[in-house]
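Secondary and tertiary structure notes
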Amino acid sequence: MNAPLLSLTVFVPLAGALLILFLPRERAAVLRGIALAASLAAFGLAVVLYLRFDSGTAAFQFVERGRWLGFGIDYHLGLDGISLGLVLLSTLLFPIVILSSWTSVQDKVKEFLVFLLVLETGVLGVFLSLNLFLFYVFWEAMLVPMYFLIGIWGGARRVYATLKFVLFTMVGSVLMLVAIIVLFTAYHRATGLYSFDLADYLRLGLSPGLQLWLFAAFGLAFAVKVPLFPLHTWLPDAHVEAPTAGSVILAAVLLKMGAYGFLRFGIPLFPDAVRKLWPVLAGLSLAGIIYGGLMALVQKDIKSLVAYSSVSHMGLIMLAVFSMNFEGTEGALLQMINHGLSTGALFLIVGMLYERSHTRLIRDYGGLSRTMPVFSAFFLVCLLSSAGLPGLNGFAGEFLCLFGVFRSSRILAVLGSLTVILAAAYLLNMFRKVMQGPVTNERVLRFRDITFREAACLVPIVVLMFWLGLYPRPVLRKMDASVSGYLRTAARSSPILVKAPRSPDRLLPSPRTEKRKPPETEEPVHD
Amino acid sequence: MTSALALLPLAVVISAALVILLLEAVWGKSARKPMGSIALVFLAAGALACIKSWNKGYAYFGGRLSLDNLSLVLIGLLLLSTLMVVLISLKYVEIRSLPAAEFYALLLLALAGGMVMVSSSSLLIIFLGLEILSVSSYVLAGLHFRDPKSAEAAAKYFLLGSLSSAFLVFGMAWLYGASRSLDISGVAAALRGDAELGLEAWAGFGLVAVAFAFKVALVPFHMWTPDVYEGAPTPATAFFSAAPKVAGFAVLIRVLAALGGPGDRGGPLVLVLSGLAVLTMLVGTLAALRQSNLKRLLAYSSIAHAGYITVGLLAEDYAGVLFYLAAYLFMGVGAFAAAAALSGEDQERLELDDLAGLGFKYPWLGISLSVFALSLAGFPPLAGFLGKFTIFSSAVRQGLVPLAVIGVLTSVVSVFFYLKIIVCLYMREPSGEVTLAQENPALLLVLFLCLLGVFQLGLNPGNILALVRMAAAGL
């Protein structure tokens, strides 16, 4: 192994944040420049990872591993086809949101940038951790910067929204922590070894009853994040109140962490439980699709319309994830990227409108396409991508998703395709009211068209939309091996534990016999 | 090894108190400045004496006072907390015109009492230490004698504290009757032989348990805590949040370890302790939700944390308990240090509304108070998270999953009020003209030390984990 690429990718933003912390706040342009450079560096590293990624193997690549706290709590990172796309998506969007907030955030710029960069480190850590303890640390730590981003730079009801966001997420995730500890204990009982490693837990034979409980705990944590109906209620509040940058990251990246959690941990660790609960999970996903779509139809605020459309789209992604076949899983992975791009772009566009008019209500607009033709073109492309127009990325992803769902249940596929129909309805309706028709509001005439900086935010996204819509094969090919590997893991039932010999320094001197001694004292201290 | 060296740290601390009192008689009331520095020097000397005694196993008074590694770690925690409290007080004593010599002398005497408690295995000596600690604390709580709240705190603390001391003596008498011994190991040995414990033994254990539940503030014996924490001078509150807890839990650790753990699941001791732990976590957390005063909020939070530590005792993870105590010391003392920084000359500004917008005005204060709040709430990668993680994972390993689940759920609820502090600091418009007292480098040093501790214990606790494991290994 040469340079620790994954660690660099994860911690470059954090280093940028620390640097910014020690610079004077008056030099806002310098601070923004550093933040942009740090996030671009992370993106550059992610591109290197993409280019060097070997698509022929399902194994984790660029693996880094080191002792951290002992007791199986290791620093363990790795990348595979499931996380690759999400890492690229996250690292791409962070520089874009930093660029997009160049003028809209003028207050407390320094803190804003620090929190954004810390958030990026947290997000990347979640996608790359292979040790469940490390994963949990990133998963929770990432809440803190998001809490501040919504709470300080958000709208009028920001404090309510941010507390709701944190509390909802934490209820699920602390129960996941208990479940992680139960897994740890079960593994220790079975083998006498200490480990928090995902690969070790995958070899653990868990009774179906226990699996059900543990999956409930993991699933709750991930379902809140996705969000699965009926745990979605935090999402419209958080999205509407968050600043543009927060909304973009929330929709494009944070929601994906939930779906990623199911793919990486929930389903492979507890396959029996998933098979048993499949009707419930599929039903909830479907309910989210329909409920989110119907809610989006009646929203008056553009931002909450996009927020509810996320609930609907994520429902389809989860339906595809739970279909547990090759097409469905690849479609879900692709659609996660697509949804990140299209919804991220829509939030950016809403933010640009808001910067001009300080309103987000649909009825305050009308006829914008006359005064802002270029902007309107960008808007239309992003909107159609979200609505799944063939030739754009949304279609490719949704097609694969529905194909996968179809293979497991036809009726679900029929109902799931409502996502596309509803999306076309609420998005086009909104576009008609906002961009077309007569000018109802005088102020609209004074709006300037898209600026160079704003275009610079949207152009990379639009290019990717066309690329992924017309020729997604290269991206999908990077996923193939990992997805097949994942499906093999998920297909096994009642896995049998192999008592694998490990490196000798991790073996216990003696199995636990005395009840009195706390287990901590039994492992010799190596430090 | 019998050696008078076992008395050295104690002697240093007591002589510091005496020197300060004598010097006040010579220099007069106005000499505030040097007193704190004298206390600091002696505390540092005491800490050095502790470090030199590591692994030596000095004991004196026929082994009734021993500096085994467990005692040394606990004494180290006590010394560290007192050191930070003295640093917080340097300015505070001046601003609020407290009697400096009395303040430092009482603080050091209270510390001496705590040191006696943690280094003894004889119930009688423990009682002696407890009384020294308690009596000094009562006076410390009432040292703002012009402030009615302070007087109220002292009165409440004294009444309930002396009641609990009475319980302790009474319980010890029962235990002596049951076992013919006042030594913890003697009592345990005598009682472990019996297949069925008699009524005397249960009465004795019950009364002793009640007394210590008072001291470490377990629900339903916590009533004094919020009032005392609110009324006492803030540095004294910082001391109360750390030292009596360390001392009280130290005794509980020794008793439980001598008994061979809390016994079988479903046994009476486990039931009682579990009940206390659950009640403490629930009541501490739920009551904290409704507080609008920073000190009262932190008081209830300290109650909730006592509940988590009790879960650690039940799981027999004594190393984990020690680690948690160390982590709590940094977060708790740090939070109270931040509270002390808010005190003005005329009054203490400790309503949460007073914090509005201060985070941006005083960045270091804001950052540190936020970090302590997040650590108390258990966010990784801070000390509080690792503490909770260690304790809850031991609980799960011992089959106490329900306790662990209640623990994590109450910590989610607690996130709400800890984040309320941060909401006030950063997400509200400044309400009035709140300006802090002048430069206070000593207090900034404490904030910095606590920040360092919180991050160190959360991210790289290797050495400290090794230390507490060595300390708990002797049990």
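Residues numbered from 1 in each chain as written. Chains lettered and ligands numbered in written order. Predicted model: local features only at pLDDT ≥ 70, side-chain atom pairs only at ≥ 80, totals over all residues.

1. Here we look at the overall build of chain A
Counting secondary structure elements, chain A contains 21 helices and two strands. Relative to the 2.2 N^0.38 estimate, which gives 24 Å for 527 residues, the radius of gyration of chain A is 23 Å and therefore close to what a compact globule would have. Overall, chain A is about 80 × 60 × 40 Å in size when its C-alpha atoms are taken along their principal axes. Across the 527 residues of chain A, 57% fall into the buried class. A separation of at least 24 residues holds for 81% of the contacts in chain A among residues at least 6 apart in sequence. (Helix = DSSP H or I, 4+ residues; strand = E, 2+ residues; numbered from the N terminus. Rg over C-alpha atoms; globule rule 2.2 N^0.38 Å. Buried ≥ 20, exposed ≤ 12 C-beta atoms within 10 Å, placed from the backbone. Contact = placed C-beta atoms within 7 Å.)

2. Some details on the overall build of chain B
Of the regular secondary structure elements, chain B holds 19 helices and two strands. Taking 23 Å as the expected radius of gyration for a compact globule of 475 residues, we find that chain B reaches 21 Å, a close match to that expectation. With respect to the three principal axes, the spread of C-alpha positions in chain B is 70 × 55 × 40 Å. Buried residues in chain B amount to 62% of all 475 residues. Considering only contacts within chain B whose residues lie at least 6 apart along the sequence, 79% involve residues at least 24 apart.

3. With respect to the interface of chain B and chain A
Reports of interface size often rely on the accessible area that becomes lost once the parts have come together. Contact with chain B, which involves 36 residues of that partner, is made by 33 residues of chain A. Mapped by element, the contributors of at least two residues to the side of chain B that touches chain A are α13 (318-341), α16 (383-397), α17 (401-426) and α19 (462-473) of chain B. When residues in the side of chain B that touches chain A are grouped by element, the largest group, eleven residues, is from α17(B). Residues that form the side of chain B that touches chain A fall into these classes: 24 nonpolar, eight polar and four charged. (Nonpolar A, V, L, I, M, F, W, Y, C, P; charged D, E, K, R; others polar.)

4. Digging into the environment of A:S417
Residue and element names in this part refer to chain A. When you line up the elements, S417 lands in the loop between α18 (410-416) and α19 (418-435). For S417, a count of 18 C-beta atoms within 10 Å gives the class partly exposed. Considering only alpha carbons, one finds S417 and E64, 353 residues apart in sequence, at a separation of 41 Å.

5. Quick look at the packing of helix α11 (residues 244-269) of chain A against helix α21 (residues 473-491) of chain A
Residue and element names in this part refer to chain A. Close contact between α11 and α21 brings their axes to 8 Å; oriented N to C, the two are set at 30°. By the angle class used here, α11 and α21 are roughly parallel. At the point where α11 passes α21, the crossing takes the left-handed sense. Here α11 contributes L263, I267 and P268 to the contact with α21, which in turn contributes Y486, T489 and A490. Considered class by class, the residues forming the contact of α11 with α21 number five nonpolar, one polar and no charged. (Axes fitted to C-alpha atoms, helices over the stretch in contact; angles between N-to-C directions. Parallel < 35°, antiparallel > 145°, perpendicular 65-115°, else oblique. Left-handed = near helix turned anticlockwise from the far one by under 90°.)

6. Observations concerning the nonpolar core
Of all hydrophobic cores here, the largest spans 401 residues; its most connected members are A:V178 and B:A337. Broken down by element, this core gets its largest block of residues, 21 residues, from α13(B). Aside from chain neighbours lying at most four places away, what touches A:V178 is A:A217, B:F392, B:V396, B:A404, B:V405 and B:V408. (Core = buried A, V, L, I, M, F, W, Y, C linked by C-beta atoms within 7 Å.)

7. Some thoughts on the packing of helix α17 (residues 393-408) of chain A against helix α20 (residues 452-470) of chain A
Residues and elements named next belong to chain A. It is the contact of α17 with α20, at a shortest axis distance of 6 Å, that shows an interaxial angle of 40°. The angle between α17 and α20 falls in the class oblique. Considering the relative orientation of α17 and α20, their crossing is left-handed. Residues N393, F395 and A396 of α17 pack against M465, L468 and G469 of α20. Each residue belonging to the contact of α17 with α20 can be placed in one class, and the counts come to four nonpolar, two polar and no charged.

8. Digging into the pairing of strand β1 (residues 61-70) of chain A
Residues and elements named next belong to chain A. Sheet topology places β1 next to strand β2 (residues 73-79); six bridges connect them, and they run antiparallel. Directly across from R67, in β2, lies its bridge partner D74. Counting the residues between successive antiparallel strands, the hairpin from β1 to β2 contains two residues, one of them, F71, with a positive phi of roughly 55°. (Pairing = 2+ DSSP bridges.)

9. Structural notes on unusual backbone geometry
Residues and elements named next belong to chain A. Omega for the bond connecting V226 with P227 falls within 30 degrees of zero, at -10°, which places this linkage in the cis form. With respect to the helices and strands, the residue P227 is situated in the loop between α9 (208-225) and α10 (234-241). In this structure, P230 follows F229 across a cis peptide bond, with omega equal to 0°. By the secondary structure assignment, P230 is in the loop between α9 and α10. The backbone phi angle of M324 is positive, close to 50°, even though this residue is not glycine. Inspection of the secondary structure assignment puts M324 in the loop between α13 (302-323) and α14 (326-357). For H358, which is not glycine, the phi dihedral falls at a positive 55°. Relative to the assigned elements, H358 resides in the loop between α14 and α15 (368-371).

10. Notes on α9(A)
Residues and elements named next belong to chain A. With 18 residues, α9 should cover 26 Å at 1.5 Å per step; its first-to-last C-alpha distance of 25 Å lies within 8% of that length. Maximal helix bending in α9 amounts to about 25°, located at G219. Listed in full, the buried residues belonging to α9 are Q211, L214, F215, A217, F218, G219, A221, F222, A223, V224 and K225. Residues of α9 that are buried in the fold lie against α7 (158-191), α11 and α12 (271-297). (Expected span 1.5 Å × (residues − 1). Bend = angle between axes of the 7 residues up to and from the residue.)

11. With respect to the environment of B:V210
Residue and element names in this part refer to chain B. Structurally, the position occupied by V210 is in helix α8 (residues 199-216). The exposure class of V210 is buried, given the 20 C-beta atoms found within 10 Å. Apart from residues no more than four positions distant in its own chain, V210 is found in contact with F167 and F221.

12. Quick word on the confidence of the model for chain B
Predicted confidence across chain B gives a mean pLDDT of 88, with 95% of residues reaching 70 or more. Across the interface, the model reports ipTM at 0.86; the global pTM reads 0.88. (pLDDT = per-residue confidence, 0-100.)

13. A closer look at the environment of B:L365
All names here are of chain B. When you line up the elements, L365 lands in helix α15 (residues 363-377). Judged by the 21 C-beta atoms lying within 10 Å of it, L365 falls in the buried class. Taking the C-alpha atoms as reference points, L365 and P430, 65 residues apart in sequence, are found 15 Å from one another. With sequence-adjacent residues up to four places away left out, L365 is seen in contact with A338, A341 and L358.

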